[in-house]
Each structure stands twice: as structure tokens, then as C-alpha cells.
Amino acid sequence: MQREVPETIYYECAECDDETLHEVLRGRMGKASLECTIKCTECGKVSATTIPLPKIIKMQVVISDGPISERTVTELEEDDVIAVEDEFFLEDGRRLRVCSIELPGDKRVKKAKANKVKMLWCQQFDNLTIKVTINNDRVSYSRRIPALPDDEFVIGNRLELDDMDCFIHAIKTRTKLVQHGSAEARDVVRIYGKYGEKSYPVLDFEDDVEDF
Ligand SMILES: [Zn+2]
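All figures in this text were calculated on a predicted structure; none of them were measured in a lab.

A. Region of interest: the overall build of the chain. Tallying secondary structure elements over the chain gives one helix and 20 strands in all. Its C-alpha radius of gyration of 25 Å places the chain more than 25% over the 17 Å reference for a compact globule of 212 residues. When the backbone C-alpha atoms are referred to their principal axes, the chain occupies close to 70 × 60 × 30 Å. Taking all 212 residues of the chain together, 13% fall into the buried category.

B. Focus on the domain arrangement of the chain. In terms of domains, the chain is made up of domain 1 (8–52), domain 2 (56–124) and domain 3 (128–196). Summarising the inter-unit geometry, the C-alpha centres of domain 1 and domain 2 are found 31 Å apart.

C. Spatial organisation of the sheet that holds strand β2 (residues 18–29). The strand order across the open sheet built from four strands is β1-β2-β3-β4, with neighbouring strands paired in antiparallel fashion. Strand pairing shows two members of the sheet lacking a second neighbour, β1 (8–13) and β4 (46–52), which therefore form its edges. Direction aside, the axes of adjacent strands within the sheet are offset by 45 degrees on average.

D. Structural detail: the pairing of β1. Where β1 lies against β2, six bridges are found, and the strand directions are antiparallel. When the sheet's bridge partners are listed, Tyr-11 is paired in β2 with Thr-20.

E. Structural view of the environment of Leu-25. Considering the arrangement of structural elements, one finds Leu-25 in strand β2. Taking the C-beta count within 10 Å as the criterion, Leu-25 has 11 such neighbours and is therefore assigned exposed. Distance from Leu-25 to Glu-7, taken between C-alpha atoms, is 7.9 Å for residues 18 residues apart in sequence. Not counting residues up to four positions away in its chain, the partners in contact with Leu-25 are Thr-37, Ile-38 and Lys-39.

F. Representation of unusual backbone geometry in the model. Its identity is not glycine, yet Glu-85 carries a phi of approximately 85 degrees, on the positive side. When you line up the elements, Glu-85 lands in the loop between β7 (81–83) and β8 (87–89).

G. Broad picture of the pairing of β4. The element β4 is largely exposed, with a buried count of zero among its seven residues. When strand β3 (residues 33–40) meets β4, the two strands line up antiparallel, connected through seven bridges. Along β4, the bridge assignment pairs Cys-36 with Thr-49.

H. How the structure looks around the environment of Val-73. Locating Val-73 in the fold gives a position in strand β6 (residues 68–77). For Val-73, a count of 10 C-beta atoms within 10 Å gives the class exposed. For Val-73 and Leu-120, which are 47 residues apart along the polypeptide, the C-alpha to C-alpha distance reads 9.5 Å. The contacts of Val-73, once residues within four sequence positions are left out, are Lys-58, Met-59, Gln-60 and Val-61.

Quick notes on the rules
- Residues numbered from 1 in each chain as written.
- Predicted model: local features only at pLDDT ≥ 70, side-chain atom pairs only at ≥ 80, totals over all residues.
- Helix = DSSP H or I, 4+ residues; strand = E, 2+ residues; numbered from the N terminus.
- Rg over C-alpha atoms; globule rule 2.2 N^0.38 Å.
- Buried ≥ 20, exposed ≤ 12 C-beta atoms within 10 Å, placed from the backbone.
- Domains from an automatic or database assignment.
- Pairing = 2+ DSSP bridges.
- Axes fitted to C-alpha atoms, helices over the stretch in contact; angles between N-to-C directions.
- Contact = placed C-beta atoms within 7 Å.

Next up, the structure:
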């Protein structure tokens, strides 16, 4: 893990007699410490100091993808706090989401400090499949669409599917039913839409508009 000198850190300021935000003016990363010159953002006191860094630990990771699971290792700082549903990247670029945190003794928790964790159970979280229910009078259709975690679905917007379109009127997320605004794909359980005929590319009518 390549560690970069942070732009700011919290540090005990002798002048303020408090832990305050400091700007790092100059810094050099050592193996286990940061040698730096810092400036308190409260009182402006500048000090040169050496700050011990949290140790980097190797974290055991299980990635399960349907019936297949794979074991790998990632690096974390020992005092990183990990929680279920956190997302992180492996060095090979894959995005994972934490499904379960295992402590020694087969104990499962929702949140833990990295150095307490035995194993992280994760799911690959790059290409999601979102379920869509489309309603057309008394008939409803089920479809699935691909999405990336950051994709945003907006109530009222047209959603293009292979064989039909729909207008999003509700989105069930893991915590609520969204009927106004939007939701990110990472949170979506199901999208509800009203049937719409397939749309075709709309021509640019801008020239006509100018005539009015
Ligand atoms: Zn200060």
C-alpha cells in the first residue's frame, strides 16, 4: 500500500490544549511514522513533529459470487473501522461490498475495527442487475436491467428496456419506498414503472422553436 502524506490531520495542539485540525505544511512518510511540519488551523501555531502511523494489516477476504467463492487478501490500516455494506476496491480494480464481518470464534458483527477482524465476506459489486416491474393496466411485466452502483434512477424518468419503456413511479430501496426524487442503483431493490411504448430518438427541433 502506497501511503500518501495527508493534507490535514487531527493533532493535540499545546497552545489550544485540544485536539485540533492541523494543516500539513511539509511531510515525509516513513515506514511507521509521519515526519511533518504542521500548522494548527485554530491558533496558527506551527510545530515539527513525528507522528506514529497505524500499522498496515493484511485482511483475509472471501468474495462470493453465486456458487463460486474466491479468497484473497487486501491491506487496511489497523484502526480502520469496517461496516457491513462498506464498499472498497481491490488492487486489481474490482469493487467489493462487505456482506458480513467475521471475528475469531465464528462471531459475526455489523461493524468492527480492522485489527479485530478474522475475515471479510464480500460480494463483487461492479455490475448490478436491477429488477423492474412494469405495470400496464392489469398486466405486469418483470424485467432486469444492468446498472453500475452509482447509476441514478429518478422518479418520473423514462427507463428504456429492450422490448418496452416505462416511466418510473416508485423505487423500493433497502430502507424505504421512494416516490419522489431518486435513488442510486447500489440501494435499489426494485423499480416500479408504468408501461410506455418504445421511444425513438427524438429529432432536434431547436430551429423550429426559434421561429416562435
Ligand atoms: Zn492550536
